[in-house]
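Results of the structural survey
Residues per chain are reported as follows:
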Amino acid sequence: ENTLKANVPEQQFSPLSLSERESLLYMFEEEKLARDVYQSLNSLWPSLIFTNIGQAEQRHMTQVKTLLSTYALIAPVGSEQLGSFYNAQLAGLYTQLLERGRLSLVEALQTGALIEETDIADLQKASVEAQHADIIQVYAHLLQGSRNHLRAFVSQLQTQGIMYQAQHLSQAEVDAIVQSPFERGNGHGQGQRGM
């Protein structure tokens, strides 16, 4: 029995590739960016969409942080401090997104949709490069959540009379996501349901 336990970590936790390490660290901060922006936007435009999706992003951060712990990686920045990022590109993006989101509720919703499109693109790339099954599984959950979040933001924009135009992905990819139903499964990424 002891021998079996001793062998399990070696089998499950083989070394990460450089791209896996970099993408995990980046994904933690990208999920934090989304959470921080939604929390800030909710203080400007109080709405369930920002509250619920912000809570979902916190769960996403927790999932990625669990992977970081599994592979003995340290999160690049503490999760508590709003707007604090190790990655300079994400720090600058946080400021830009908030400036846009302050303009109006419509711009805040457009900002949310842009964040989710960007997440989807980055997660798709990271998923292709990932080699460990647990990482691939978490990225699949995060992708499902981001697709649901994008659907929710587009739906809210439509209630504001806005025909949504893709901002990062191709229009065809956005249309395919938006025209398909909300995804269920494992309780991940559904913080926005019912909006």
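1. With respect to the overall build of the protein chain
Along the protein chain, the regular secondary structure elements total seven helices and zero strands. Listing every helix and strand of the protein chain by position from the N terminus yields α-α-α-α-α-α-α. Across the 195 residues in the protein chain, those meeting the buried criterion constitute 45%. Of the contacts made within the protein chain by residues no fewer than 6 positions apart, 80% connect residues no fewer than 24 positions apart. Accessible surface, the protein chain: about 9,600 Å² in total, of which carbon and sulfur atoms supply 53%.

2. Concerning the environment of N87
Along the polypeptide, N87 turns up in the loop between α3 (48-70) and α4 (88-101). A sequence separation of 61 residues divides N87 from Y26, and the C-alpha atoms of the two residues are 7.9 Å apart. In this structure, N87 is in contact with Y26 and E29, ignoring residues within four places of it in sequence. Engagement of the side chain of N87 in a polar contact is seen with the backbone nitrogen of L90, the distance being 2.9 Å.

3. Digging into the packing of helix α2 (residues 18-44) against α3
Taken N-terminus to C-terminus, the directions of α2 and α3 make an angle of 160 degrees; their axes are 8 Å apart at the nearest point. Between α2 and α3, the crossing angle belongs to the class labelled roughly antiparallel. When the axes of α2 and α3 are compared, the crossing they make is left-handed. In this structure, α2 contributes L24, L25, M27, F28, E31, K32, A34, R35, Y38, L41 and N42 to the contact, and α3 contributes F50, T51, I53, G54, E57, Q58, H60, M61, V64, K65, L67 and L68. Classifying every residue of the contact of α2 with α3 by side-chain character gives 13 nonpolar, five polar and five charged.

4. Examining unusual backbone geometry
One non-glycine residue with positive phi stands out, namely A72, at about 55 degrees. Topologically, A72 is positioned in the loop between α3 and α4. We classify A72 as exposed; its relative accessible area is 69%.

5. Quick look at the packing of α2 against helix α6 (residues 133-159)
In helix packing, the relevant descriptors are the interaxial angle and the interaxial distance, both defined with respect to the helix axes. α6 packs onto α2 with a crossing angle of 30 degrees between their chain directions and a minimal axis gap of 13 Å. The angle between α2 and α6 places the two elements in the roughly parallel class. You can see that α2 and α6 cross each other, and the crossing is left-handed. Contacts from E20, S23, L24, M27, E31 and Y38 of α2 reach α6 at I135, Y139, L142 and F153. Taken together, the residues that form the contact of α2 with α6 break down as seven nonpolar, one polar and two charged.

6. Here's the deal with the confidence of the model for the protein chain
This prediction gives the protein chain a mean pLDDT of 88; 88% of its residues lie at or above 70. By mean pLDDT, helix α1 (residues 2-12) is the weakest element of the protein chain at 42, and helix α5 (residues 105-129) is the strongest at 97. When the criterion is pLDDT under 50, residues 1-11 qualifies, and its contacts beyond four places in sequence or with other chains add up to zero contacts.

7. Thoughts on the packing of aromatic side chains
Tallying each qualifying case throughout the model produces four aromatic pairs. Between F85 and Y94 the ring centres are 5.6 Å apart and the planes differ by 50 degrees, which places this aromatic pair in the tilted class. On the basis of relative accessibility, which here comes to 12%, the residue F85 falls in the buried class. Exposure remark for Y94: the relative accessible area of 11% places this residue in the buried category.

About the cut-offs
- Residues numbered from 1 in each chain as written.
- Predicted model: local features only at pLDDT ≥ 70, side-chain atom pairs only at ≥ 80, totals over all residues.
- Heavy atoms only, no water.
- Helix = DSSP H or I, 4+ residues; strand = E, 2+ residues; numbered from the N terminus.
- Buried < 20%, exposed > 50% of the residue type's maximum accessible area, 1.4 Å probe, protein only.
- Contact = heavy atoms within 4.5 Å.
- Areas by Shrake-Rupley, 256 points an atom, 1.4 Å probe, with all protein chains shown as cover.
- Polar contact = N/O pair within 3.5 Å; in protein donor to acceptor, adjacent residues only side chain to side chain.
- Axes fitted to C-alpha atoms, helices over the stretch in contact; angles between N-to-C directions.
- Parallel < 35°, antiparallel > 145°, perpendicular 65-115°, else oblique.
- Left-handed = near helix turned anticlockwise from the far one by under 90°.
- Nonpolar A, V, L, I, M, F, W, Y, C, P; charged D, E, K, R; others polar.
- pLDDT = per-residue confidence, 0-100.
- Phe/Tyr/Trp six-rings, centres within 6.5 Å; stacked < 30°, edge-to-face > 60°.

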